[in-house]
Amino acid sequence: MNKINQEAVSQKSATSFKCPSCGGVMVFDPESQNLKCEYCKYTLNMEDNKQHPTAYGFEDSQLESQVWGEKNHVVKCKNCGAETILDAFVVADRCPFCGNSNIQEEGITRGIMPESIIPFKINSETAISLYKKWLSGKWLAPTKLKKSVKDQHVQLTGMYVPCWLFDADTNSFYTAMAGEYYYVTVYRTETRNGKTEQVPYQERRTRWYPVSGNYSENFRNFIVDSSVHIDDEMYDSILPYNLEELTPYKPEYLSGFKAERYSVDLKTGWETAKERISKLIERGIISQINADEVTSLRFKTAYSNKKYRHVLLPLWFSSFKYKNKTYGYMINGQTGRVNGKSPVSPWKVTLLIAIIIALISVGYCLISMYTGA
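Here is a short report on the structure shown in this document. (Residues numbered from 1 in each chain as written. Predicted model: local features only at pLDDT ≥ 70, side-chain atom pairs only at ≥ 80, totals over all residues. Heavy atoms only, no water.)

## Let's talk about the overall build of the chain
Here is step 1: From N to C terminus, the chain includes 5 helices and 17 strands.
Here is step 2: Counted over contacts in the chain with a minimum sequence separation of 6, partners at least 24 positions apart contribute 73%.
Here is step 3: For the chain, the accessible area works out to roughly 21,500 Å², and carbon and sulfur atoms hold 49% of it. (Helix = DSSP H or I, 4+ residues; strand = E, 2+ residues; numbered from the N terminus. Contact = heavy atoms within 4.5 Å. Areas by Shrake-Rupley, 256 points an atom, 1.4 Å probe, with all protein chains shown as cover.)

What follows is the structure, given as structure tokens:
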């Protein structure tokens, strides 16, 4: 393990995160939002400088050559390829994503530096409590699992996830077929009380007509995580973050935590954003048409005023094994929102199905009794 550099460090320059009181290692404390010594508990105040990050145009390609890592160091997993940014005093022995121990020290990392960061607001103890509460609310989860998790020590990894924030103004020209419902009276032959008679019913039909037009929508701070090692569906489920709390990036915020270097570049991230934005535009167009049904929708979108920001967002994550299967979960490091995957008890599923069938049967019997009366 590397030895801590014993050279004096001024309070104004906390890049080495050395405690000015006892010389111990200082880490970022989510509760106080300051650096705190792990040994003597000395606190070093950090300036609270909330501000919106600078938005860059896509033509700012020179940003790709920025150096990120001189005040930290980078390790790369030889198994999954994840590049993790660590503060100067952290020595990694395993990859935080796949758990593999085959990692190596990398040189200075080049790329677009993070413009802003949302510091952790939820500490590990609170995150563990929120996770246990979330799991206890999973009615279908095995009771044995709930009890074991409640009693055992849960280990979480605090990670800053790299994300792209995109701004774009959109204008879409569309064509579609719109349908409006109308009703006609039709007669059906039915036998009632032993007599055959014609019974009137209202039958719904659809009148179709072509539509076209323009739809405009402006998108701001559209978030796309720039990690291939994060489960996108699970990560989306713990959004949103309060982006008003973005603060200028400082390496001090990484002390005691990890940060992944983005593995989805700007161009790929923008293509992903366009795919997701397209679905939102589709819903917006359908809402604008305001018909009972819309089909054969086609549209072409022009993008203007495209901007991006590179930010780091806090995340607690971990996984557990149950009956030789691994289940992951995530906790939003700012809001505490939890989601993940958990096993289900086959006995509870069977019981739930039996209850549903019983309720349907009772409802059917009540309806039959009422109509028969």
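## Some details on the sheet that holds strand β3 (residues 43-44)
Here is step 1: If you walk across this open sheet you meet the 3 strands as β1-β2-β3, and the pairing is antiparallel. Edge positions in the sheet fall to β1 (26-29) and β3, since each of these pairs with one other strand and no more.
Here is step 2: One ladder, built from 2 bridges, connects strand β2 (residues 34-37) with β3; its direction is antiparallel. Residue pairing across strands places Leu 35 opposite Leu 44, the latter belonging to β3. (Pairing = 2+ DSSP bridges.)

## A word on the packing of aromatic side chains
Here is step 1: Counted according to the given criterion, the structure contains 15 aromatic pairs.
Here is step 2: Consider the rings of Trp 164 and Tyr 262, whose centres lie 5.1 Å apart with planes at 55 degrees: the pair is tilted. One end of the pair, Trp 164, is in strand β11 (residues 157-192); the other, Tyr 262, is in the loop between β14 (258-260) and α4 (266-289), with 98 residues separating them in the sequence. Like Trp 164, the residue Tyr 262 is buried in the burial classification.
Here is step 3: These aromatic residues form a ring-pair network of at least three members: Tyr 56, Trp 164, Tyr 262 and Tyr 308.
Here is step 4: The residue whose ring lies beneath Arg 204 is Tyr 181, and the NZ or CZ to ring-centre distance is 3.9 Å.
Here is step 5: Arg 261 extends its terminal NZ or CZ atom over the ring of Tyr 262, reaching a point 4.7 Å from the ring centre. (Phe/Tyr/Trp six-rings, centres within 6.5 Å; stacked < 30°, edge-to-face > 60°. Buried < 20%, exposed > 50% of the residue type's maximum accessible area, 1.4 Å probe, protein only. Lys NZ or Arg CZ within 6 Å of the ring centre and 35° of its normal.)

## So, the environment of Lys 306
Here is step 1: As for its position among the elements, Lys 306 is in strand β15 (residues 293-322).
Here is step 2: Look at Lys 306 and you get partly exposed, because its relative accessible area is 32%.
Here is step 3: Linking Lys 306 and Trp 270, residues 36 residues apart in sequence, is a C-alpha distance of 9.7 Å.
Here is step 4: For Lys 306, the contacting residues outside a window of four places in its chain are Tyr 56, Gly 57, Phe 58, Asp 167, Ala 168 and Trp 270.

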